Amino acid sequence: MEDPQGHRHHQHQDSSPNSPTASSPPCTTSTCVKCGGPTAYPPPPQSWPEMSPPPTYRPIRAPAINLPPNNSQAIILAPVPQSQKVPTISPPYNFQSPSKKIQYPDDIRHFQASDAGKNFLGFIVSLSESIRGHKISDACHESHTVKTITSVLETLIHWVDEIPPVQQAARYGNISYRTWHSRLVENSDLLMLQFLPDHFKSATIEIVPYFTDSFGNSSRIDYGTGHETNFAAWLYCLARMGVIKEEDYQAVVARVFVKYLELMRKLQLVYSLEPAGSHGVWGLDDYHFLPFIFGSSQLIDHKYMKPKSIHNEDILENFSSEYMYLSCIAFIKKVKKGLFAEHSPLLDDISGVPNWNKVNSGLLKMYKAEVLEKVPIMQHFLFGWLIKWE
């Protein structure tokens, strides 16, 4: 008689001790989905001999700090860059107009292996160490040179007020920026001569190109970490010349670089500079990298503020004027809408790192790998007599 439920998998019957189904091991017998009894159908395969295994589960977004770089494991395992003393030049001086040399990944490796590449990165590490544990407002040695450079940057800030943006439909790239940049180029030699000693006046041919390329590109009206690196290279050139000395390093970060950051934020907001070569949400920031390095160094061994403190709005409001890292986070939250974890997932992941020392060392390794070893960025880097292509 046919089962009214359509249950035709097998016939239900009492199993005797001699029945084959009773003696069959359970692992090789299928069971009925309705009554749990054995069926004549073969069991499902226990392995995947002739078919593809199920796909490996991959989360939509992998956790932790290492997502954007493809060579994330290499970054983690790489040694932390170390500070180096800047070798100062001596006469006879052979200042020359710098030029671009990097075109291929082999050129990157050549630069990184050279003394110039190691010294430049070592200089950035030295700047980071100089600000360790210090607030921006902390008293420090401020030479006449540092004060004059800060004043030069203040002048550039005033020029933005004098050259207002024009009304235009484009979201990015207000063309008034080109007027500002033209004024910068026209006056750059005079700006350098405000603090260069007489015997270094001929150095303008070499250091001016680094300076004028530190604030963005006038034709594309964009700005990114390559331009920021040019500013660091300009400071490095001044250190090579002995115009900036080791005792100036804290002030170079807390006065000069902080003023540079103030200028760049104004340029970004007023003229809507497009991010150059941004990684999108997987980048650290649309425009900057170095303030995160210097800012994390400031917070090393801080009694109360931990990497997770960036999510505390009171801390951001009260301390962003003293700590560059917090200032960067506050600025991002001001200009970007939505959940922080969605528009800045990498920074959100970094907030889970247990201490600032690890954040700082990780960012230094990441800067080397993601900025100084990337052809699209470093193809614009300049080489002359102060930063030699050897």
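Residues numbered from 1 in each chain as written. Predicted model: local features only at pLDDT ≥ 70, side-chain atom pairs only at ≥ 80, totals over all residues. Heavy atoms only, no water.

You'll find the chain entered in an unreviewed UniProt entry as Serine/threonine-protein phosphatase 2A activator, with Jatropha curcas given as the organism. What the UniProt record of the chain gives under Catalytic activity (unreviewed entry) is the line "[protein]-peptidylproline (omega=180) = [protein]-peptidylproline (omega=0)". According to the UniProt record, the Function (unreviewed entry) comment for the chain reads "PPIases accelerate the folding of proteins. It catalyzes the cis-trans isomerization of proline imidic peptide bonds in oligopeptides." (UniProt positions renumbered as here; feature names shortened; annotations may be inferred.)

Caption draft 1: Geometry of the side chain of serine 214. Mapped onto the elements of the fold, serine 214 is located in the loop between α7 (204–212) and β2 (222–223). Judged by relative accessible area, which is 0%, serine 214 ranks as buried. Polar side-chain contacts of serine 214 include one of 3.2 Å to the backbone nitrogen of phenylalanine 231. Those residues within four positions of serine 214 in sequence are excluded, and the remaining contacts are Tyr223, His227, Asn230, Phe231, Tyr260 and Met264. (Helix = DSSP H or I, 4+ residues; strand = E, 2+ residues; numbered from the N terminus. Buried < 20%, exposed > 50% of the residue type's maximum accessible area, 1.4 Å probe, protein only. Polar contact = N/O pair within 3.5 Å; in protein donor to acceptor, adjacent residues only side chain to side chain. Contact = heavy atoms within 4.5 Å.)

Caption draft 2: Inspection of helix α8 (residues 225–240) at higher detail. Here α8 is 16 residues long and its end C-alpha atoms lie 22 Å apart, about the 22 Å a rise of 1.5 Å per residue gives. Counting buried residues along α8, 15 of its 16 residues qualify, which places the element largely inside the surrounding structure. Among the residues trailing α8, glycine 242 stands out with phi positive, at a value near 80 degrees. (Expected span 1.5 Å × (residues − 1).)

Caption draft 3: Expanded view of the nonpolar core. Grouped together as the largest cluster of nonpolar side chains are 108 residues, with contacts concentrated most on Trp180, Phe215, Trp234, Met241 and Tyr325. Among the elements that line this core, the one with the most residues is helix α9 (residues 249–271), at 13 residues. Setting aside residues no more than four positions away along its own chain, phenylalanine 215 makes contact with Leu153, Leu156, Tyr177, Trp180, Leu184, Tyr223, His227, Tyr260, Leu263, Met264, Leu267 and Leu273. (Core = buried A, V, L, I, M, F, W, Y, C linked by side-chain atoms within 4.5 Å.)

Caption draft 4: How the structure looks around the packing of helix α6 (residues 176–193) against α7. Contact geometry for α6 and α7: axes closest at 10 Å, N-to-C directions at 140 degrees. Our classification of the angle between α6 and α7 gives oblique. Relative to α7, α6 is oriented so that their crossing is right-handed. Contacts from His181, Leu184, Val185, Ser188, Asp189, Leu191, Met192 and Leu193 of α6 reach α7 at Thr204, Ile207, Val208, Phe211 and Thr212. When grouped by side-chain class, the residues that make up the contact of α6 with α7 number eight nonpolar, four polar and one charged. (Axes fitted to C-alpha atoms, helices over the stretch in contact; angles between N-to-C directions. Parallel < 35°, antiparallel > 145°, perpendicular 65-115°, else oblique. Left-handed = near helix turned anticlockwise from the far one by under 90°. Nonpolar A, V, L, I, M, F, W, Y, C, P; charged D, E, K, R; others polar.)

Caption draft 5: Geometry of the pattern of salt bridges. Across all of its chains, the model carries 14 salt bridges by this definition. A salt bridge links arginine 183 to glutamate 162, with the shortest nitrogen-to-oxygen separation between them at 2.6 Å. With a gap of 21 residues between them, arginine 183 in helix α6 and glutamate 162 in helix α5 (residues 144–162) connect regions that are remote in the sequence. Where salt bridges share partners, they join Glu154, Lys259 and Glu262 into one cluster. (Salt bridge = Lys/Arg side-chain N within 4 Å of Asp/Glu carboxyl O.)

Caption draft 6: A look at the packing of helix α4 (residues 115–130) against α9. Running from N to C, α4 and α9 point in directions that differ by 80 degrees, and their axes come no closer than 8 Å. Between α4 and α9, the crossing angle belongs to the class labelled roughly perpendicular. Where α4 abuts α9, its residues Phe123, Ser126, Leu127 and Ser130 lie against Tyr249, Gln250, Val252 and Val253. The residue makeup of the contact of α4 with α9, split by class, is five nonpolar, three polar and no charged.

Caption draft 7: Quick look at the packing of aromatic side chains. The final tally for this structure, using the stated rule, is 31 aromatic pairs. Between phenylalanine 95 and phenylalanine 200 the ring centres are 6.0 Å apart and the planes differ by 80 degrees, which places this aromatic pair in the edge-to-face class. In this pair, phenylalanine 95 sits in the loop between α2 (72–77) and β1 (99–100) while phenylalanine 200 sits in the loop between α6 and α7, placing the two residues 105 residues apart along the sequence. Each member of the pair, phenylalanine 95 together with phenylalanine 200, is buried. Pairwise contacts between aromatic rings join Tyr177, Trp180, Phe195, Phe211, Phe215, Phe231, Trp234, Phe257, Tyr260, Tyr271 and Phe294 into one cluster. Sitting over the face of the ring of phenylalanine 331, arginine 265 holds its NZ or CZ atom 5.0 Å from the ring centroid. One residue, lysine 333, lies across the ring of phenylalanine 340, its end atom 5.2 Å from the ring centre. (Phe/Tyr/Trp six-rings, centres within 6.5 Å; stacked < 30°, edge-to-face > 60°. Lys NZ or Arg CZ within 6 Å of the ring centre and 35° of its normal.)

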